[in-house]
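What follows is the residue order along each chain.
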Amino acid sequence: MTAGLSLAWLQLTKEKRHFAAALAGVAFAVTLMLGQIGLRDSLLATGVRMYSHLNADIVMTSWQYQFEQGTGVIAEQRFAQALAQPDVASCAPLQIGWAALQNPVDHQEHQIVLLGVDPSQDVFRFAEQAVDFRALTRAGTLLFDDQSRMMFGPVAAAVRSNGRFKVRVSRREAEIVGLFRLGPGFGTDGHLIASDYTYRVMTSGTSSPLPALGLIRIRPGAGRGQVLHELSATLPADVRFWSMEEFLNREKDYWLRTSPIGFVFTAGLLIGLIVGSVVVYQILYADVSTHLPEYATMKAMGYRDLQLFLLVLRQAVLMSVLGFVPGAFMAEVVYSITRRATLLPLEMTLQRSAQVYLLTLLMCGGSGAFAMLALRKADPAEIFR
């Protein structure tokens, strides 16, 4: 004899208010988990967003390097020493600092990331973007990230209309001569790119003029692992060398495991699981306790404990499915609102949805397994004595 899906459905929906409360609890947990995982993935994506556009096989960093806003600097002679290695084709410096960009409308200053590059070298790769770095050869010229947050004013719109736009950066006159698309993150509101000379002028007295990273390209046919070994063995210990993949993974690892914000998102995910589990457990346990005479009758009719356990598990699976749908819909609404407000790359992906549904199924199934303990009390001899 088998307790079918229809019986599980009837058991689950007999108490309409309890059923609605259970679905609301599951939906809330799904929304919370999707929100936390989405924000966590956005944190990782924006943490390496700028670095993912670097044109390099190997990245040279200071020994003090921790993450993008805590890079340390590299002595200039290290670039010549790296370039002296026979398999190194180029070693381009990248300066990373901050500047104050004045909003042209309300004249308020806001901090923006300022990147310094040698315009003659291909430091960045912007796929499907026509970015003219040669325009930076004139002192005082800048490229503006047109995905920067609105606090900087209508700079991008003015450049698109006129081709260039005068601004004040760190109390100095400058001119935006082009745009690129990068976007803000959790620690940055936007980006400017300048020549290495303009960078030094704009950050004079506030940031070190020395480069933060060295972007190394190896010669065709050279083995990257061998070049990494030679550079590490030859250059002094005040610099470190990473393959591009290692460098990006290191940055992600910092944001996820070291920074407080990564811990907050992980904690939020666990809270969602706990809240949903408690709600589902309470509903299923109350349902099992209320229907103990019915379960005892089924035992007397010949149903085994395993079959009754499967009945409760079916109820848990139904709750996971029916609660996931509204939860995913609410999460999509939250994604849309957050995306417009923060410009973070929040998208509902199939992989993320599948991941959260599996967590939801585990949450409901685990709660159902604990609720099954009440079935041990369903003894026909005791109930009908």
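Residues numbered from 1 in each chain as written. Predicted model: local features only at pLDDT ≥ 70, side-chain atom pairs only at ≥ 80, totals over all residues. Heavy atoms only, no water.

Counting its regular elements, the protein contains twelve helices and nine strands. Expected size for 385 residues packed as a compact globule is a radius of gyration near 21 Å; at 29 Å, the protein overshoots this value by more than 25%. With the C-alpha coordinates aligned to their principal axes, the bounding extent of the protein is approximately 95 × 55 × 35 Å. For the protein, buried positions account for 48% of its 385 residues. (Helix = DSSP H or I, 4+ residues; strand = E, 2+ residues; numbered from the N terminus. Rg over C-alpha atoms; globule rule 2.2 N^0.38 Å. Buried < 20%, exposed > 50% of the residue type's maximum accessible area, 1.4 Å probe, protein only.)

Attention now goes to the environment of glutamate 15. Mapped onto the elements, glutamate 15 comes out in the loop between helix H1 (5-13) and helix H2 (16-47). Remark: the alpha-carbon pair of glutamate 15 and glycine 276, spanning 261 residues in sequence, is separated by 19 Å.

One way to put it is that H2 packs onto helix H7 (residues 244-258) with a least axis distance of 9 Å and a crossing angle of 140°. In this structure, H2 crosses over H7, and the sense of that crossing is right-handed. Here Arg40, Leu43, Leu44 and Gly47 of H2 come into contact with H7, specifically with Glu251, Lys252, Trp255 and Leu256. Across the contact of H2 with H7, the residue classes break down as four nonpolar, one polar and three charged. (Axes fitted to C-alpha atoms, helices over the stretch in contact; angles between N-to-C directions. Left-handed = near helix turned anticlockwise from the far one by under 90°. Contact = heavy atoms within 4.5 Å. Nonpolar A, V, L, I, M, F, W, Y, C, P; charged D, E, K, R; others polar.)

Turning to the nonpolar core, a few remarks are in order. By size, the foremost hydrophobic cluster in this structure holds 36 residues, and its most contacted members are Leu34, Leu284, Tyr295 and Val356. The element that contributes the greatest number of residues to this core is helix H10 (residues 305-342), accounting for ten residues. Other than its neighbours up to four places away in sequence, leucine 284 contacts Leu12, Gln315, Ala316, Met319, Cys364, Ser367, Gly368 and Ala371. (Core = buried A, V, L, I, M, F, W, Y, C linked by side-chain atoms within 4.5 Å.)

For the structure on display, the rule yields 15 salt bridges. Between arginine 149 and aspartate 189 there is a salt bridge, with its nearest N and O atoms 2.6 Å apart. With a gap of 40 residues between them, arginine 149 in the loop between strand S4 (141-145) and helix H4 (155-162) and aspartate 189 in the loop between strand S6 (172-180) and strand S7 (191-195) connect regions that are remote in the sequence. Exposure remark for arginine 149: the relative accessible area of 17% places this residue in the buried category. The exposure class of aspartate 189 is partly exposed, given its relative accessible area of 22%. (Salt bridge = Lys/Arg side-chain N within 4 Å of Asp/Glu carboxyl O.)

The topology assignment puts valine 177 in strand S6. Taking C-alpha positions, valine 177 is 6.9 Å from alanine 135, a pair spaced 42 residues apart along the chain. Excluding its chain neighbours within four sequence positions, the residues that come into contact with valine 177 are Ala135, Arg138, Thr141, Leu142, Leu143, Gly163 and Arg164.

Along strand S9 (residues 239-243), four of the five residues are buried, which leaves the element largely enclosed by surrounding structure. By the bridge criterion, five bridges tie strand S1 (residues 58-62) to S9 in an arrangement that is antiparallel. Residue pairing for S9: isoleucine 58 is matched across the bridge by serine 243. (Pairing = 2+ DSSP bridges.)

With that settled, the discussion passes to the side chain of glutamine 95. You can see glutamine 95 is positioned in strand S2 (residues 88-102). Not counting chain neighbours up to four residues away, the residues in contact with glutamine 95 comprise Leu114, Leu115, Gly116, Val117, Asp196, Tyr199, Arg200, Pro209, Leu210, Pro211 and Ala212.

Taken together, the side chains of Trp9, Leu10, Val317, Val321, Leu322, Leu358 and Leu361 make up a nonpolar region of the molecular surface, amounting to roughly 590 Å² of accessible area. When residues of the nonpolar patch are traced back to their parent elements, those giving at least two are H1, H10 and helix H11 (350-371). With three residues, H10 is the largest single contributor of residues to the nonpolar patch. Mapped onto the fold, leucine 361 is located in helix H11. (Patch = residues over 30% accessible without salt bridge, like charges linked within 9 Å, V, L, I, M, F, W, Y side chains within 5 Å. Areas by Shrake-Rupley, 256 points an atom, 1.4 Å probe, with all protein chains shown as cover.)

A word on the side chain of aspartate 145. Position of aspartate 145 relative to the elements: it lies in strand S4. Apart from residues no more than four positions distant in its own chain, aspartate 145 is found in contact with Phe180, Arg181, Leu182, Gly183, Gly190 and His191.

The values are spatial; any link to function lies outside them.
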